[in-house]
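Chain and residue survey
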Amino acid sequence: MLLFSKARSLLNPATRHLSRHFTAGTTPLSSRIVIAVGGNALQRRGERLTIENMLKAAADMAPTIAALAKEHEVVLTHGNGPQVGELALERSAATFDVLGAESMGQIGYVLAQALSSAGCPSTPLLCQVVVDGQHEAFKDPTKFVGPIYGAKEATALSQSLGWVMKPDGEYFRRVVPSPPPMEILQVDAIKTLLEHCPQTLPIACGGGGIPVQRVPSNPRTLIGVEAVIDKDACGAKLATELEADGFIILTDGGGIWQNYGKPDAREMKRASPEYLLGTKAGKNFPGSMGPKIQAAIDFVSNSKKKGVWAAIGDLKDAAKIFNNEEGTVVREDVEEGVVWREKKSSASSGPSKQSKEPHKSG
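Report follows, based on the coordinates. Everything numeric in this text was worked out from a predicted model, so none of it was measured.

Parameters at a glance
- Residues numbered from 1 in each chain as written.
- Predicted model: local features only at pLDDT ≥ 70, side-chain atom pairs only at ≥ 80, totals over all residues.
- Heavy atoms only, no water.
- Helix = DSSP H or I, 4+ residues; strand = E, 2+ residues; numbered from the N terminus.
- Buried < 20%, exposed > 50% of the residue type's maximum accessible area, 1.4 Å probe, protein only.
- Contact = heavy atoms within 4.5 Å.
- Areas by Shrake-Rupley, 256 points an atom, 1.4 Å probe, with all protein chains shown as cover.
- Patch = residues over 30% accessible without salt bridge, like charges linked within 9 Å, V, L, I, M, F, W, Y side chains within 5 Å.
- Salt bridge = Lys/Arg side-chain N within 4 Å of Asp/Glu carboxyl O.
- Pairing = 2+ DSSP bridges.
- Axes fitted to C-alpha atoms, helices over the stretch in contact; angles between N-to-C directions.
- Phe/Tyr/Trp six-rings, centres within 6.5 Å; stacked < 30°, edge-to-face > 60°.
- Lys NZ or Arg CZ within 6 Å of the ring centre and 35° of its normal.

**Considerations on the overall build of the chain**
Within the chain one finds eleven helices and 18 strands. The buried share among the 362 residues of the chain stands at 51%. Within the chain, contacts between residues at least 6 apart in sequence are counted, and of these 73% link residues at least 24 apart. Of the roughly 17200 Å² of accessible surface on the chain, 53% is carried by carbon and sulfur atoms.

**Some thoughts on a nonpolar patch on the surface**
A contiguous nonpolar surface patch, about 310 Å² in accessible area, is contributed by Trp257, Tyr260 and Phe285. One can find tryptophan 257 in strand E13 (residues 257-258). You can call tryptophan 257 partly exposed: its relative accessible area is 34%.

**A few points about the sheet that holds strand E5 (residues 143-149)**
Taken in spatial order, the three strands line up as E5-E7-E6 in an open sheet, and their pairing is antiparallel. Lying at the two open borders of the sheet, with one neighbouring strand each, are E5 and strand E6 (164-168). Looking at each pair of strands side by side, their axes are set apart by 40 degrees on average, direction ignored. The sheet contact formed by E5 and strand E7 (residues 171-176) spans four bridges and is antiparallel.

**Focus on unusual backbone geometry**
In this structure, glutamate 243 is a non-glycine residue whose phi angle is positive, near 55 degrees. You can see glutamate 243 is positioned in the loop between helix H8 (231-241) and strand E12 (246-251). Taking relative accessible area as the criterion, glutamate 243 reaches 51% and is therefore assigned exposed. With phi around 65 degrees, asparagine 324 is a residue other than glycine that occupies positive phi space. With respect to the helices, strands and loops of the structure, asparagine 324 is situated in the loop between helix H11 (318-322) and strand E16 (328-330).

**Comments concerning the packing of aromatic side chains**
Here the structure, examined in full by the defined rule, presents three aromatic pairs. A cation over an aromatic ring shows up here: arginine 266 above the ring of tryptophan 340, its NZ or CZ 3.9 Å from the ring centre.

**Let's talk about the pattern of salt bridges**
Taken as a whole and assessed by the stated rule, the structure comprises 14 salt bridges. Put simply, lysine 139 and glutamate 136 hold a salt bridge, and the shortest N to O gap is 3.3 Å. The class of lysine 139 is exposed, set by a relative accessible area of 64%. One salt bridge in this structure joins glutamate 183 and arginine 214, with 3.0 Å as the shortest N-O distance. Here glutamate 183, found in strand E8 (residues 183-184), pairs with arginine 214, found in strand E10 (residues 210-215); they are 31 residues apart in sequence, far enough to count as distant. Residue class for glutamate 183 comes out partly exposed when judged on its relative accessible area of 31%. Where salt bridges share partners, they join Lys231, Asp232 and Lys292 into one cluster.

So this is what it looks like as structure tokens:
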């Protein structure tokens, strides 16, 4: 089954001019795509979090984003977990709304510089996102921020600074409340930029946006909230409000897997929201893959457009993710709910075959 007929036609020079006449957007570009890049993409594990390393990582990433922006109307959003956590260490008295704004400016600048060098002009936007200050998320923090720590160091920080620490793989990281986004205040500005300056790529809702809440007695008045909004949840809402055709979540660990990290692990090629919900995919990774899967489900389920899709995959495979050669695509019309990728043999140089073997874990 061909997943993205418009995207595939763009690969054929003979039909490229035809696809540009059939567009749902306001520009001659093929599709409107929101791309979410994790904050860890600017700091691979084991590397120090420095501006130099961030600039280097951004420079490596930028050509991939720029190539997609040449054919599609792209809005880029990004995480800020490592960066905002580092800022919190430097300025313990600052609140997370302010730290989030600082990290948004820092990462927006780094990405804009790298994209410009790749021939893709961009505009970073500071975006405020309204949340419910009484949400249950404040009772059970789940959002990882900052660097990793060993068990002893994590215990010491928890005792001395009152931080909540939770396991992240074999290490520990600080966690903070992560309420869901309710309203993106600058969404009209993003739409205006897309409509009137289509060659400029917006960088928006970085780190999930600056968390704010409305004062009940005067709803026009906003106050900051001590939280970090999940960037994928905010990205899904942004994609929905922009009426995007697709939502791509780029990670450093591939698509959606069953039994991830085990000998019998296998990756989903395509899956429906109903299947993912029914099998509780990602439930064992509430601080990492779980929110990404939920964000993909939310966009596909909540969009008013027909035929929308979400995709999760590794940053280095971005171009192949778009054509479902790598990663996992989430969409409504998936036969039997899931299609699995067969493991690639070392002798095979072609694309992996599809498998429809039932999900063994139900």
